[in-house]
Each structure stands twice: as C-alpha cells, then as structure tokens.
Amino acid sequence: MHIVIAGAGEVGYNLARVLCENHNVFVIEKDESKVENIQNLNVEVVQGNAANVKVLKKANVDKADLFLAVTGSDEVNLLAGIAARRLGAKKIIVRVGNPEYVDKPIVKDHPVGYDLIICPQLALANEIANLIMIPGAIEFISLSGGKADMVEIIVSEDSPIAGKKIAELHLPRNIIITAIYRNGDLIVPKGDTVIKAGDVLTIFGRSEDIAKIKKKFGNVLVKNVVIFGGGTIGSYIARILDNSRLNVKLIDSDIKVCEQLSGILKHVKVVVGDATDLDFLMEEDIGKADVVIATTESDEKNLLISLLSKSLGAKKAIAKVEKGSYVKLFERVGVDYALSPRRVTFIEVMKYLRLVDIRTIADIRHEATVLEVGVKNRNLSGKRIADIKLPKRSIIGGILRGDECIIPRGDTEIRLGDRLLIFTTWDEINEIEEIFE
C-alpha cells in the first residue's frame, strides 16, 4: 500500500514508524529538524509545503491508497486533503484543531471529500467527560466510529457489585464484561465468577447503553468539578457536563472568554481569575473539588494548576498535555490522568485504518487487545457464538452488522460480512487468525 503522510511532528512520526513496517510510506515535511529526525525511519522524505501541488506530486500522491494530513496547520491539512483527492489519492484523513471546521470529535465522509476528519481537542474533551461521568472509570475508549464503547472500571470497597457473581448483576442485553484484572492476572469471566473489591473490569457495550449501567457500579463519586481554561477543550467539556447534575465551575483569566461562555452555559458557573494565584484558588474553594481539569494552552501551567489544586485538597487532577513525553512525568509527580490530544489523533487514525482484515483497534494494559475481525469464511455463517471454539482467554464482545452494533449472547448467530469485536490476549492472536481465515 502506498501511503503519504503530511507532517512529521509527533503524530506524523509515530504513524510513519508503525506504517512503514509493511507499507510504502512517503512523508512530507518543511521543517529541517523534523526532516532529519524522520530520516532514521524506512520512509521516503519530501521536503516542502504539503499544500503545494508540486510537492504532493513528488510524493506520488496520485498513486496513494491513503493520504494523511497531520501537520500543525488546519488550513494546510484541509487544502492538502482537497489537492490530494483531486490528484487521485483514494482515501483522505485530515486532522483539524479548530472546532469551527467540525462540530464533533470524528466526522466521516465529509461532503467536501474527506473520508475522515479528526478534531483531537474535541475527542479528548469527550474522553475526559466520560471518565468523570462513569463511577470508577479509569479508561474509556470509543470503538468502531462510536458504535461501541469500552470502559475500564475499578471496583471500590463499597461498590454494590463487590462480592456478586457476574450472573447476579443482570446487565442490560447490550452490555458484556469481557475481562477482569485481579492482582496482575487477567481473567475472562463466566457467569459464576465473583467480583471482588480492587478488580478492574473491562466492559463492552453499545454507546447508548453504557450510560444505563452507571448506577449498577455505584453512585457517581464526582459532584464538584472545576475546569481551568475556557478554550476548545475546556469549553467542550463544560458543554457536555452542562446538563449533568454535577456542580461545575469553569475558570479562565480572559474576561471576554468568560462573558461568551456565560451566555452559552446554563448550569456551569463561569469565573474570571488567575488559576496560578494561590489566594484566588483558596477563595474559590478549589480544595473541595472532586476533580480539577487543567486545559490551558501551557503544559507547564496545567501541571502547576493540578499540583496546586491537589495540595489544597482536590481529590483528583486531570491535565491536558501536548508533549507526549510529558505524560509519564505528569503522572509520576502527582497528576492522576495526563491526556494528550496527539495520542488521541494517533489512536483514532489507527482505529480507522482497515489495512488488514484482522486489525488491532485498542491496546489494553499492554497485555490484551481488541481485534476487529471480518467474517468471510462461509463455513462460519450461521454458527452460534457458543459453537465457535475460541482460545480460553478470548471472547466476542460485539458484532458490527451494517450500521448496527450487536452485543452477542451464546445463541447469537454470525453472518457473512459481520465484523466481530474480539477481546483477546496478544499471545492468542494467531489462533484467532486461524479460526477466521
């Protein structure tokens, strides 16, 4: 497959690093330092502006099976995407940072001609909001273009499900627990498996049904939320939480931003103030917050806000981090969740690419994964889930059939053309491939 990537920043570099192992990859970049950095990969590098037709032609974009525009400029990405389409590229994926271009985190089949537009800021805001709204949630991943969700939940001592068997939970039909992590071990649960405090549950479900299970896992532990920064990410989180029953406060130093948000948000309290002023933080009772979310434009400021808030008594801190190398550093010094928009872009692109019939769409704790597997073998058509002998630590969590997402039971039949979402471990992938080839 011939792939052209516009932009050799953090996202472009990581995409090139993964894709060049099995594909012919060209990278377009005008920054000399980035050009030097990416030349250690097995890729062809074209130096220049990705929105320039001559530069695109040098990268043989007319033969491209896939064109990825992930430079730091929205306008360059959008222009380059249109030009690549006109020159003959088959699939076009574009990253944009400004929500004026899109009103959702992920937009497929855009009328202008893009196959996929990703707004990482909105996608990150959505992920943060889900972490807050679901009791005990420590990870949230949207699968297959939002048709299904996977959430990881830690079971607290006072959780109503602690001590119960899976069968006793009476989960909705479209929800399934696919794995339990207990003391470092991975367990594929059965109906008689007992859930214990401290367990981490991996739960699959249709997006609209995930919200229905919140009460089963306990009351929402979050009541008071403070958002620092009224930019794209902070304001989008505030809009998502505006209709919740949470006490939400948004703080920004720009009075014009605050005035604008006050006219939009109905239930969120908007306050003008300096998030690094300790006296101001104390006046606003930041120490009583269950969660603080730092979404300013500065990584360093987000770190300072998070640590100041926690020192005052805030229970959890979530920080937006632009530099991927800072994520581990933030979490090591006391930030509970450090989340990167660039990481979101990389994950969304890799989830979208159907480069092989069996593809990895999520990595879970570096031990397990979610595969999306196409059913092409006629001998499997009509078989019940219970009749398919999967490896012992694998489970079919969902079936994508047209626009529908089905959470299967043992008597559910699979059909030709179905795409199965299979939770499995890395060492069982080969067995899965053999069953479905």
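Placed above this text is the structure.
Presented here is a report on the structure given in the accompanying data block. (Residues numbered from 1 in each chain as written. Predicted model: local features only at pLDDT ≥ 70, side-chain atom pairs only at ≥ 80, totals over all residues. Heavy atoms only, no water.)

1. Re the packing of aromatic side chains
Each aromatic ring pair is described using two quantities: the centre-to-centre distance and the angle formed by the ring planes.
In step 1: Tallied over the entire structure, the rule returns one aromatic pair.
In step 2: When the centroid spacing of 6.0 Å and the interplanar angle of 20° are considered together, the rings of Y326 and F330 count as stacked. Of the two residues, Y326 and F330 both sit in helix α11 (residues 326-333), four residues apart, roughly one turn of that helix. (Phe/Tyr/Trp six-rings, centres within 6.5 Å; stacked < 30°, edge-to-face > 60°. Helix = DSSP H or I, 4+ residues; strand = E, 2+ residues; numbered from the N terminus.)

2. Brief notes about the sheet that holds strand β16 (residues 291-294)
In step 1: Reading across the sheet, the six strands line up as β15-β14-β13-β16-β17-β18 and stay open at both edges, with parallel pairing between neighbours. The open sheet has two edge strands, β15 (269-272) and β18 (337-339), and neither has a second partner. In this sheet, adjacent strand axes meet at a mean angle of 15° when their direction is disregarded.
In step 2: Note that β16 and strand β17 (residues 316-320) share four bridges and pair parallel. Each residue of the ladder has a partner; that of V292, found in β17, is A317.
In step 3: Along the sheet, helix α10 (residues 299-311) makes contact with β13 (224-228), β16 and β17, crossing β17 at roughly 175°. (Pairing = 2+ DSSP bridges. Axes fitted to C-alpha atoms, helices over the stretch in contact; angles between N-to-C directions. Contact = heavy atoms within 4.5 Å.)

3. Considering the packing of α10 against α11
In step 1: Running from N to C, α10 and α11 cross one another at 15°; their axes reach a closest spacing of 11 Å. With respect to their mutual orientation, α10 and α11 come out roughly parallel. For the pair α10 and α11, the sense of crossing is right-handed. Where α10 abuts α11, its residues D299, E300, L303 and L307 lie against Y326, F330 and V333.
In step 2: Residue composition of the contact of α10 with α11, by class: five nonpolar, no polar and two charged. (Parallel < 35°, antiparallel > 145°, perpendicular 65-115°, else oblique. Left-handed = near helix turned anticlockwise from the far one by under 90°. Nonpolar A, V, L, I, M, F, W, Y, C, P; charged D, E, K, R; others polar.)

4. Considerations on the pattern of salt bridges
In step 1: The tally for this structure, following the rule as stated, stands at 10 salt bridges.
In step 2: The closest approach of N and O atoms between D65 and K90, which form a salt bridge, is 3.3 Å. One end of the pair, D65, is in the loop between α3 (53-58) and β4 (66-69); the other, K90, is in the loop between α4 (74-87) and β5 (91-95), and 25 residues separate them in sequence.
In step 3: Notably, a salt bridge pairs E284 with K249, separated by 2.9 Å at the nearest N-O pair. (Salt bridge = Lys/Arg side-chain N within 4 Å of Asp/Glu carboxyl O.)

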